[in-house]
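This is what each chain is made of:
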Amino acid sequence: MWIPLLDAVDTTVSQLPLLLWIIVWGALVGGLSMLVYWKCSPQERLGEISQRAGDARQALQRFDGDELGVYRQLAMRAVGLSMTQLRLVLLPTALAVLPIALVAWCIDYRYDPGTHPLWGDQTSWWNSWATVFWGALGLSALAVKLGFRIK
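These numbers were taken from a predicted model, which means no experiment stands behind them.

### A few points about the pattern of salt bridges
Moving on, step 1. The full count for this structure, using the stated rule, is two salt bridges.
Moving on, step 2. Residue Glu 48 is joined to Arg 45 by a salt bridge in which the shortest nitrogen-to-oxygen separation is 3.2 Å. Here the residue Glu 48 and the residue Arg 45 both occupy positions in helix H3 (residues 43-62), the gap between them amounting to three residues, near one helical turn.
Moving on, step 3. Exposure remark for Glu 48: the relative accessible area of 41% places this residue in the partly exposed category.
Moving on, step 4. Across the pair Glu 48 and Arg 52 runs a salt bridge, and its minimum N-O distance is 3.5 Å. Placement of both Glu 48 and Arg 52 in helix H3 is noted, with a separation of four residues, approximately one turn of the helix.

Here it is, written out as C-alpha cells:
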C-alpha cells in the first residue's frame with residue numbers, strides 16, 4: 001500500500017493468512033464506502049422522495065381510466081421523482097466508490113502482481129482474490145446499510 005493510513009491498517013491486517021487478509025480488507029472498505037455514502041447523501045430528502053415516488057407508482061398502477069392525459073401526468077410524476085432520487089444519489093455514490101477503487105487497486109498490485117484481475121484481459125477473475133474481496137465488500141456494505149437504515 002502506498003498511502004500512509006492504508007499502510008498502517010495493512011501492517012496490522014497483513015499478519016493474517018492471505019485469504020483472511022483479503023476478506024478483512026473487503027469488509028473494511030465495504031463498510032467505509034457505505035458510511036461515506038451515508039454522510040454525503042441527503043438521507044431525509046431521499047426518504048421523502050422515495051416515499052413520494054412509491055406513492056406515485058402506486059397511483060399509476062391503480063389508475064383504471066382511459067384518459068391518456070391523466071395517465072401521462074401520473075407517469076411523468078413517477079418518472080420525475082425517480083430522476084430526482086437518481087440525481088440526489090449520483091455524487092454520493094461516486095464519492096463512495098473512491099475508497100473501494102483505491103483499496104482494490106492497492107490490493108491488486110500487492111497480492112497478484114503481473115495479472116491484475118480487475119482490469120486485465122483475464123477471463124479467470126472468478127478464481128482470483130477479486131471474488132473474495134467483492135463478496136466481503138458487498139456483505140459488509142449491506143450490513144452497514146441495514147444497520148444504519150441508509151436510504
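That covers the picture; the talk isn't over yet.
### Looking at a nonpolar patch on the surface
Moving on, step 1. There is a patch of nonpolar side chains on the surface, built from Ile 3, Leu 5, Leu 102, Trp 105 and Tyr 109 and spanning about 440 Å² of accessible area.
Moving on, step 2. For the nonpolar patch, the leading source of residues is helix H4 (residues 68-111), giving three residues.
Moving on, step 3. The residue Leu 5 is located in helix H1 (residues 4-13) in this model.

### Comments concerning the packing of H1 against helix H2 (residues 18-40)
Moving on, step 1. Orientation of H1 relative to H2, taken along the N-to-C sense of each, is 140°, at an axis distance of 10 Å. The angle between H1 and H2 places the two elements in the oblique class. Between H1 and H2 lies a crossing whose hand is right-handed. Residue-level contacts link Leu 6, Val 9, Asp 10 and Val 13 of H1 to Trp 21, Val 24, Trp 25 and Leu 28 of H2.
Moving on, step 2. Here the residues of the contact of H1 with H2 are counted per class, giving seven nonpolar, no polar and one charged.

### A word on the nonpolar core
Burial of nonpolar side chains together is a common tendency in soluble globular proteins.
Moving on, step 1. Judged by nonpolar contacts, the single largest core of 15 residues is most densely connected at Trp 21, Trp 25, Val 29, Val 103, Ile 107, Trp 129 and Phe 133.
Moving on, step 2. Residue assignment for this core shows that the elements contributing at least two residues are H1, H2, H4 and helix H5 (129-148).
Moving on, step 3. The biggest single contributor to this core is H4, with five residues.
Moving on, step 4. Ignoring any residue separated from it by four or fewer positions in sequence, one finds Phe 133 in contact with Ile 22, Trp 25, Gly 26, Val 29, Val 103, Ala 104 and Ile 107.
Moving on, step 5. Judged by nonpolar contacts, the second largest core, of 14 residues, contains Ala 53, Ala 78, Leu 81 and Leu 88.

### A short note on the layout of surface pockets
Moving on, step 1. Roughly 190 Å³ of volume is contained in the largest pocket.
Moving on, step 2. The wall of the largest pocket is formed by Ile 3, Leu 5, Leu 6, Val 9, Trp 25, Leu 28, Val 29, Leu 32, Pro 99, Leu 102 and Val 103.
Moving on, step 3. Broken down by secondary-structure element, the contributors of at least two residues to the lining of the largest pocket are H1, H2 and H4.
Moving on, step 4. The element best represented in the lining of the largest pocket is H2, accounting for four residues.
Moving on, step 5. When the residues that make up the lining of the largest pocket are grouped by side-chain class, the tally is 11 nonpolar, no polar and no charged.

### Quick look at unusual backbone geometry
Moving on, step 1. The residue Arg 149 is not glycine, and still its phi comes out positive at about 55°.
Moving on, step 2. Here Arg 149 shows up in the segment after H5.
Moving on, step 3. Take Arg 149: its relative accessible area is 70%, and that puts it in the exposed class.

### Comments concerning the packing of aromatic side chains
Moving on, step 1. One pass over the full model with this rule turns up three aromatic pairs.
Moving on, step 2. Between Phe 63 and Tyr 71 the ring centres are 5.9 Å apart and the planes differ by 40°, which places this aromatic pair in the tilted class.
Moving on, step 3. For Phe 63, a relative accessible area of 24% translates into the label partly exposed.
Moving on, step 4. Ring geometry for Phe 133 versus Trp 134: centroids 5.0 Å apart, planes at 70°, classification edge-to-face.
Moving on, step 5. Just above the ring of Trp 38 sits the side chain of Lys 39; from NZ or CZ to the centre is 4.4 Å.

Cut-offs and rules
- Residues numbered from 1 in each chain as written.
- Predicted model: local features only at pLDDT ≥ 70, side-chain atom pairs only at ≥ 80, totals over all residues.
- Heavy atoms only, no water.
- Salt bridge = Lys/Arg side-chain N within 4 Å of Asp/Glu carboxyl O.
- Helix = DSSP H or I, 4+ residues; strand = E, 2+ residues; numbered from the N terminus.
- Buried < 20%, exposed > 50% of the residue type's maximum accessible area, 1.4 Å probe, protein only.
- Patch = residues over 30% accessible without salt bridge, like charges linked within 9 Å, V, L, I, M, F, W, Y side chains within 5 Å.
- Areas by Shrake-Rupley, 256 points an atom, 1.4 Å probe, with all protein chains shown as cover.
- Axes fitted to C-alpha atoms, helices over the stretch in contact; angles between N-to-C directions.
- Parallel < 35°, antiparallel > 145°, perpendicular 65-115°, else oblique.
- Left-handed = near helix turned anticlockwise from the far one by under 90°.
- Contact = heavy atoms within 4.5 Å.
- Nonpolar A, V, L, I, M, F, W, Y, C, P; charged D, E, K, R; others polar.
- Core = buried A, V, L, I, M, F, W, Y, C linked by side-chain atoms within 4.5 Å.
- 1 Å grid on protein atoms, 1.4 Å probe; cavity = no way out; pocket = protein on both sides within 12 Å on 5 of 7 lines; lining within 4 Å.
- Points joined across faces, edges and corners; volume = space filled by probe spheres on them.
- Phe/Tyr/Trp six-rings, centres within 6.5 Å; stacked < 30°, edge-to-face > 60°.
- Lys NZ or Arg CZ within 6 Å of the ring centre and 35° of its normal.

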